[in-house]
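# Reading the structure
Given next are the chains, with one letter for each unit.
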Amino acid sequence: MELLRFTTAGSVDDGKSTLIGRLLYDSKSIFEDQLEAVKRASIQRGNEYINLALLTDGLRAEREQGITIDVAYRYFATPKRKFIIADTPGHVQYTRNMVTGASTANAAIILIDARNGVTEQTCRHTYIASLLQIPHLIICINKMDLVEYAESVFNEIREKFEDFSKNMQIRDYRFVPISALHGDNVVKPSEHMSWFQGGTLLDVLEHIPINRDYNIEDARFPVQYVIRPISDEYHDYRGYAGRVDGGVFHPGDKVTVLPDGHKSTIKSINLDETSIQEAYPPMSVTLQLSDDIDISRGDMIVKDDNLPQVSQDIEIMICWMNPRPMQINGKYALKHTTRDVRCLIKEVHYKVNVNNLDHIEDDKEVRMNDIARVSIRTTRPLFFDSYRRNRRTGAVVLIDEGTNETVGVGMIE
Amino acid sequence: MSTYNLTHLDELESESIFVIREVAAQFERPAILFSGGKDSIVMTYLAKKAFWPAKVPFPLVHIDTGHNFIETLDYRDELVKSMGVKLIVGSVQESIDQGRVTEEKGYNASRNLLQTVTLLDTIEKNKFDCCMGGGRRDEEKARAKERFFSHRDEFGQWDPKNQRPELWNIFNGRKHMGEHFRVFPISNWTEMDVWQYILKENIPMPSIYYTHQREVFNRDGTWLAVAPFMKLKPTEVPELRTVRCRTIGDISCTGLTLSTANTLEEIIGEIAATRVTERGSRADDLRSEAAMEDRKKEGYF
């Protein structure tokens, strides 16, 4: 069974909680005691019907204020796949939360209210999905019950969406007309939309091919930890532990170790005691090399014939995550794969208006939830690929050195 | 030709091993919080895999309420011996004797809440800068929002509204003196994943997870074990039943399941058919709507 991670994007009234509730409920993933707890809470609150949003709102403040604050993760499984939902709140700090949920997702569900069609919010959600390079988008046109389940409404929205998104880098997208409230085309096929033959939302989630979502062309192995048992049995053992971030490694492959450029050959690949013949993303393995060279955390093992870019001057699209604005000429700690360096913010080229994709060039202060094109310089070189090519080796995280908070995240251009 | 597909269990295993290795790389004095339950057993097993052929570079820490199932303690001691790692026990009884905490009174008295003080004292005494726990996001709604790397201030408190964003597989473990982290390597596993993995890897489990005869009594629909320190109400009658543990915690708040499941396959079948979550039998979570969140803010597991 495969694992599919997806995120949901929608504004407050698009019916996102209802959709997730429906998905969990109709796939029988809600337990009796959870439902009892929600019923108890709904009655206590004076709600007229069972409020499925209470299933997803976990924190006291959220339930008191009736809002969702933070990304929450939910789990369900069908006989075909196991699913992890990154459920992101639909209003304040939206960009920050959606970016977080999107970073690990194979797919994003983008909700559109059939009555309103493609809106500014649709633009924002789709742009963020493309910026984070979520491999598959599922555009759910919801509340079809309120437009008489009309095929013409669906087609019109679909055309509009295709038109406005053609300049964004979206690898794969598909449409499903649904009514989350009544359950049409969520888990069960709709009786009202026989004109639609594309399968239910759950069908789509169960069948999207995800085995090509990772980069399997460019072999990249950031060294995470060096294993050196101090024991008689493994006296000279030196293993490089880490997770494959791209490509496929085999014993016998000729490799280069960055930054020093030393060359060697892979002697063995291990998954604990088991010796294996190939390692690919996102496997955590241990490599042994034929030569004794000095390698430590933050170094990267790559194949001789396919090197990443190596530079200290890097262009990124940054999403700012902190109430304190980004400081031009400011210094931040930077994490990239397993490597820790420091960086300087050199220049802000423009900010992006996420509602219409216009470039903003007259206001260069980058505040929380802003997305901007920025030049940075690092204290030591990074070994990277463009984020478009590899979501692991193309991502950086910026940390405030005073507060230790994660303040910004960047996608390398 | 290879399709480069991992199964869900392989992918979860790989993610957890990455997180555990990240702890070893980013912290100076990390530890594993070991309760003797299936989640901490799986986490410890993953740590063994992560560092093979070296020993696990963390001690195991057990916060002992003094109200344990004896099978749990035997299992713990055996495991520590076979791994060759250090065991550190934080004793709730000692905290009570020292007057650090006051024992709860009444029929529903439990040492579960008191553990927080003992845990924080143990962390401080041993100068741990990171404690790994077997918490899972599917267990409870406050846990659903917790990060893999969860920051704690100098009082050991969790601030759920001010968590650091966590993206991709990049984890920020930076902290000031006196602060520490809780890290949850199996955050993304469900109860079913844990059991399927135990079956796949054939991990030995404490006997009380399997069916056995035990003297129990029923309180508000929950079967609890009879033990010297458990006070029965006049209406509660001890009786012999065929039960097993679905979760293992302190005896005073661990509900037992009536079950004849004697193999891992039978346990998995039982979980697949059940309509109640595992924490549905945990008395500690039923205290209020936000019981778990409140305990976590104070520094609970």
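All values reported here derive from a predicted model rather than from experimental measurement. (Residues numbered from 1 in each chain as written. Chains lettered and ligands numbered in written order. Predicted model: local features only at pLDDT ≥ 70, side-chain atom pairs only at ≥ 80, totals over all residues. Heavy atoms only, no water.)

### Regarding the interface of chain B and chain A
Counting residues at the interface gives 65 residues for chain B, matched by 83 residues for chain A. At the boundary of chain B with chain A, total buried surface from both sides reaches about 6600 Å², with 54% on carbon and sulfur atoms. Three residues, Y4, W52 and W168 of chain B, lead the burial of chain B against chain A; their summed loss comes to 14% of the area buried on that side. Summed over the shared surface of chain B and chain A, the number is five salt bridges. A salt bridge links R5 of chain A to E15 of chain B, with the shortest nitrogen-to-oxygen separation between them at 2.9 Å. Linking chain B to chain A there are 26 residue pairs in polar contact (both at pLDDT 80 or more). Secondary structure elements with two or more residues in the side of chain B that touches chain A: α1 (8–26), α2 (38–51) and α8 (291–298) of chain B. The element contributing the most residues to the side of chain B that touches chain A is α1 of chain B, with 13 residues. Per-class residue counts for the side of chain B that touches chain A are 25 nonpolar, 19 polar and 21 charged. (Contact = heavy atoms within 4.5 Å. Buried area = accessible area lost by both parts, 1.4 Å probe. Salt bridge = Lys/Arg side-chain N within 4 Å of Asp/Glu carboxyl O. Polar contact = N/O pair within 3.5 Å; in protein donor to acceptor, adjacent residues only side chain to side chain. Helix = DSSP H or I, 4+ residues; strand = E, 2+ residues; numbered from the N terminus. Nonpolar A, V, L, I, M, F, W, Y, C, P; charged D, E, K, R; others polar.)

### Section: the side chain of T406 of chain A
Within the secondary structure, T406 of chain A is located in strand β21 (residues 406–412). Exposure remark for T406 of chain A: the relative accessible area of 3% places this residue in the buried category. Engagement of the side chain of T406 of chain A in a polar contact is seen with the side chain of N172 of chain B, the distance being 2.9 Å. If we ignore the near neighbours within four places in the chain, the residues touching T406 of chain A are M321, N322, V397, L398 and I399 of chain A together with R164, P165 and N172 of chain B. (Buried < 20%, exposed > 50% of the residue type's maximum accessible area, 1.4 Å probe, protein only.)

### Details of the domain arrangement of chain A
Each assigned domain of chain A is listed with its residue range as follows: domain 1 (2–207), domain 2 (220–303) and domain 3 (309–412). The C-alpha centroid of domain 2 of chain A is placed 41 Å from the C-alpha centroid of domain 1 of chain A. (Domains from an automatic or database assignment.)

### Considerations on the sheet that holds strand β1 (residues 2–9) of chain A
Residues and elements named next belong to chain A. Overall, mixed pairing links the six strands, which are arranged β2-β3-β1-β4-β5-β6 in an open sheet. Bordering the open sheet on either side are β2 (72–77) and β6 (173–177), each of which pairs with just one other strand. Each strand axis lies, on average, 25° off the axis of its neighbour in the sheet, ignoring direction. Of the strand pairs in this sheet, strand β4 (residues 107–113) and strand β5 (residues 136–142) are connected by seven bridges, and their pairing is parallel. In the sheet register, I109 faces β5, and the bridge partner there is I138. In the packing of helix α7 (residues 151–164) onto the sheet, contacts are made with β4, β5 and β6, and the angle to β6 comes to roughly 160°. (Pairing = 2+ DSSP bridges. Axes fitted to C-alpha atoms, helices over the stretch in contact; angles between N-to-C directions.)

### Thoughts on the pairing of strand β17 (residues 339–352) of chain A
All names here are of chain A. Taken together, the six bridges between strand β16 (residues 331–336) and β17 define a ladder with antiparallel strand orientation. In the sheet register, A333 faces β17, and the bridge partner there is R342. Hairpin remark: β16 followed by β17, antiparallel, with two residues in the connecting loop; positive phi at T337, about 45°. Pairing of β17 with strand β19 (residues 371–384) involves seven bridges; the strand directions are antiparallel. By the bridge assignment, K351 is partnered in β19 with A372. Bridging between β17 and strand β18 (residues 359–360) involves two bridges; their strand directions are antiparallel. Considered in β18, the bridge of V352 is made with H359. The antiparallel hairpin formed by β17 and β18 contains six residues in its connecting segment, where L357 sits at a positive phi of about 70°.

### Re the pairing of strand β10 (residues 254–258) of chain A
All names here are of chain A. Most of β10 is tucked away: four of the five residues are buried. Pairing analysis gives four bridges linking β10 to strand β11 (residues 262–271), with the strands arranged antiparallel. Along β11, the bridge assignment pairs V257 with H262. Between the end of β10 and the start of β11, which pair antiparallel, lie three residues, with G261 showing a positive phi angle near 80°. With four bridges connecting them, β10 and strand β14 (residues 300–303) associate as antiparallel partners. Bridge pairing links V257 to I301 in β14.

### Section: the nonpolar core
Most often, soluble globular proteins keep nonpolar side chains buried together rather than apart. Counting 75 residues, the largest nonpolar core has F6, L132, I138, I141 and I371 of chain A together with W168 of chain B as the members making the most contacts within it. The element contributing the most residues to this core is β4 of chain A, with six residues. Leave out the neighbours within four places in its chain, and F6 of chain A touches L23, F76, F83, I84, I85, A86, A105, A107, I109 and L205 of chain A. Formed by 74 residues, the second largest nonpolar core is a distinct cluster that contains Y237 of chain A together with Y45, L79 and L264 of chain B. (Core = buried A, V, L, I, M, F, W, Y, C linked by side-chain atoms within 4.5 Å.)

### Considerations on the packing of α1 of chain B against helix α6 (residues 191–201) of chain B
All names here are of chain B. The N-to-C vectors of α1 and α6 enclose an angle of 95°; their axes lie 11 Å apart at closest approach. Compared by their axis directions, α1 and α6 come out roughly perpendicular. Each of H8, L9, D10, L12 and E13 in α1 lies in contact with α6, whose residues at this interface are D193, Q196, Y197, K200 and E201. When its residues are assigned to classes, the contact of α1 with α6 shows three nonpolar, two polar and five charged. (Parallel < 35°, antiparallel > 145°, perpendicular 65-115°, else oblique.)

### Considerations on the side chain of T122 of chain A
Residues and elements named next belong to chain A. Looking at where T122 falls in the secondary structure, it is placed in helix α6 (residues 120–131). For T122, a relative accessible area of 3% corresponds to the buried category. Beyond its immediate sequence surroundings of up to four residues, T122 is in contact with I110, I112, G117, F161 and F164.

### Quick notes on the confidence of the model for chain B
The pLDDT averaged across chain B works out to 88; a share of 91% of its residues lies at or above 70. Averaged pLDDT values for the elements of chain B fall to 67 in α8 of chain B and rise to 98 in α1 of chain B. (pLDDT = per-residue confidence, 0-100.)

### Some thoughts on unusual backbone geometry
Where the residue is not glycine, phi is negative for most of them; where a peptide bond is considered, it is trans in most cases. Backbone torsion omega between L258 of chain A and P259 of chain A reads 15°, so that peptide bond is classified as cis. You can see P259 of chain A is positioned in the loop between β10 and β11. A cis amide bond, omega 5°, links W52 of chain B with the succeeding residue P53 of chain B. For N329 of chain A, which is not glycine, the phi torsion reads 70° and is therefore positive.

### Some thoughts on the sheet that holds strand β5 (residues 149–152) of chain B
All names here are of chain B. Pairing within the open sheet is mixed, and its six strands lie in the order β3-β2-β1-β4-β6-β5. Bordering the open sheet on either side are β3 (87–91) and β5, each of which pairs with just one other strand. Averaged over all neighbouring strand pairs, the angle between strand axes comes to 30°, with direction disregarded. Note that strand β2 (residues 60–64) and β3 share five bridges and pair parallel.

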